[in-house]
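Next come the chains, spelled out residue by residue.
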Amino acid sequence: MHSLYLNFRIIILLYIPFTGFTQQTDTLHTPPINFTKLNDLQVADYTPPAARAGKDGNMRFSINLFGSATKGGNGKRGRQGAELSVQVSSVLTGDSAILKIAVTKNKKRKKTDYYYLNPRYGKLTIIADGGEGGKGGKGENGRNLGDGRAALPGGNGGNGGRGGDGGSIKIFFDSTAIPYVNCPCIIYSNRAGYPGYGGMGGTAGATESFNKRPDPGGSGNSGEGGKAGPPVEKLTPAGNVNHKDTKEY
């Protein structure tokens, strides 16, 4: 009986370290390197989708006291470009180095995308352009002559939406990547979004005489251009870029 009791205590003591001191494994990991893309032209495009187009005249609800054709709706304004934070480091692979570039889009739910780049042959374009303005809606076609009613001109097209302003790009080079601060292998773009096109005017209503046909609707105006984003901000551990530490390309 005494021997069984000692064996039971030994089993408990051996079991405690494995249950009380087990460490939880970190599930966060960096995606594996795709070596087939190291020398390619890669694009990290965070441009917002085009803004909503204006409704066509025949889809809009309007009260026309004189029975005129309805004007197309105006396009919506383009969205502002993304706010990007970029981290650049150098990773040794054998006797050469490649760049590890982490691009994070700053929003409520942040998501980081990873890119690997051979600085000698590959290129990465990081885009934070403004979104395109919405297109103007098409004007409603004019009413045809008939049943004692006069033919009517076509409705005017809607105006295009303003292009969105460019976003911002802040890029941090850690101590291993300082020589690549001015490397042409990383290209940046945060220009203004394209303005939306004006909508087409509606056709004129038909009459018995072509010479007496009313005018078609006029096309809408294109939207205004947005503003380009601020200059790309490059930072190092010292807080600024020391050009003496960079390579000549």
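Remember, it's a predicted structure, so these values are computed and weren't measured experimentally.

What counts as what
- Residues numbered from 1 in each chain as written.
- Predicted model: local features only at pLDDT ≥ 70, side-chain atom pairs only at ≥ 80, totals over all residues.
- Heavy atoms only, no water.
- Pairing = 2+ DSSP bridges.
- Helix = DSSP H or I, 4+ residues; strand = E, 2+ residues; numbered from the N terminus.
- Axes fitted to C-alpha atoms, helices over the stretch in contact; angles between N-to-C directions.
- Salt bridge = Lys/Arg side-chain N within 4 Å of Asp/Glu carboxyl O.
- Buried < 20%, exposed > 50% of the residue type's maximum accessible area, 1.4 Å probe, protein only.
- Contact = heavy atoms within 4.5 Å.
- Polar contact = N/O pair within 3.5 Å; in protein donor to acceptor, adjacent residues only side chain to side chain.
- Disulfide = S-S within 2.5 Å.
- Patch = residues over 30% accessible without salt bridge, like charges linked within 9 Å, V, L, I, M, F, W, Y side chains within 5 Å.
- Areas by Shrake-Rupley, 256 points an atom, 1.4 Å probe, with all protein chains shown as cover.
- Lys, Arg positive; Asp, Glu negative; His and termini not counted.
- Charge placed at Lys NZ, Arg CZ, Asp CG, Glu CD.
- Core = buried A, V, L, I, M, F, W, Y, C linked by side-chain atoms within 4.5 Å.

Trainee: What is the right way to read the sheet that holds strand β2 (residues 83-93) from this model?
Mentor: Hydrogen bonding along the main chain pairs the strands of a sheet, whether they run parallel or antiparallel. Spatially, β4-β3-β2-β6-β8 is the arrangement adopted by the five strands of the open sheet, whose pairing is mixed. Looking along the sheet, the strands with just one partner apiece sit at the ends: β4 (111-117) and β8 (233-235). Between one strand axis and the next, the sheet turns by 20° as a mean value, whatever way the strands run.

Trainee: Teacher, can you tell me more about the sheet that holds strand β1 (residues 41-45) here?
Mentor: With respect to topology, three strands assemble into an open sheet ordered β1-β5-β7, the strand pairing being parallel. Strand pairing shows two members of the sheet lacking a second neighbour, β1 and β7 (186-189), which therefore form its edges. On average, adjacent strands in this sheet sit at an angle of 15° to one another, irrespective of strand direction. As judged from the four bridges shared by strand β5 (residues 123-127) and β7, these two strands associate in the parallel manner. Looking across to β7, one finds that I126 is bridged to Y188.

Trainee: Where do I start with the pattern of salt bridges in this structure?
Mentor: Any two side chains of opposite charge can pair, so long as their charged atoms come close to each other. Tallied over the full model, the rule gives four salt bridges. K170 serves as the salt-bridge partner of E233, at 4.0 Å between the closest nitrogen and oxygen. You can see E233 sitting in strand β8 and its partner K170 sitting in strand β6 (residues 168-173), a full 63 residues away along the chain. Among the residues examined, K170 registers a relative accessible area of 41% and is labelled partly exposed. The network of salt bridges with shared partners includes R77, R162 and D165.

Trainee: When you look at the side chain of T125 in this model, what are you seeing that I'm missing?
Mentor: Summarising the element assignment, T125 is placed in strand β5. The contacts of T125, once residues within four sequence positions are left out, are L41, Q42, V43, A44 and I187.

Trainee: Sorry, what's going on with the side chain of Q42 here?
Mentor: Residue placement: Q42 occurs in strand β1. In this structure Q42 comes out as buried when scored by relative accessible area, which is 10%. Separated by 3.0 Å, the side chain of Q42 and the backbone oxygen of K37 make a polar contact. In this structure, Q42 is in contact with K37, Y115, Y116, L117, K123, L124 and T125, ignoring residues within four places of it in sequence.

Trainee: So what exactly am I meant to see when it comes to the state of the cysteines here?
Mentor: By definition, a disulfide is the covalent link that joins the sulfur atoms of two cysteine residues. Under the counting rule described, the total for this entry stands at one disulfide. Between the sulfur atoms of C183 and its disulfide partner C185 the distance amounts to 2.4 Å. Negative torsions about the S-S bond denote left-handed disulfides, and the value of about 140° found for C183 with C185 makes this one right-handed. For C183, a relative accessible area of 5% corresponds to the buried category.

Trainee: Can you walk me through a positive patch on the surface in this structure?
Mentor: The grouping of R52, K55, R60, K71 and K76 at the surface amounts to a positive patch. Mapped onto the fold, K71 is located in the loop between β1 and β2.

Trainee: Looking at this structure, how should I read the environment of N182?
Mentor: In this fold, N182 is placed in the loop between β6 and β7. Residue classification places N182 among the partly exposed residues on the basis of a relative accessible area of 30%. N182 sits 52 residues away from K234 along the chain, and the two C-alpha atoms are 9.5 Å apart.

Trainee: Could you clarify how one ought to interpret the nonpolar core in this entry?
Mentor: Looking at soluble globular proteins, one finds that nonpolar side chains tend to be buried together. Residues V88, I101, I126 and I186 are the most contacted members of the largest nonpolar core, which totals 23 residues. For this core, the secondary structure elements donating two or more residues are β2, β3 (96-105), β4, β5 and β6. Discounting chain neighbours no more than four positions away, the residues touching I186 are V88, L99, I101, L117, L124, I126 and F173.

Trainee: What's the story with the pairing of β3 in this structure? I'm lost.
Mentor: In regular strands, side chains alternate between the two faces of the sheet. Across 10 bridges, β2 lies against β3 in antiparallel orientation. By the bridge assignment, V91 is partnered in β3 with I98. Sheet analysis places β3 next to β4, joined by seven bridges and oriented antiparallel. When the bridges of β4 are listed, K100 appears paired with Y116. Here β3 folds back onto β4 in antiparallel fashion, the turn holding five residues.

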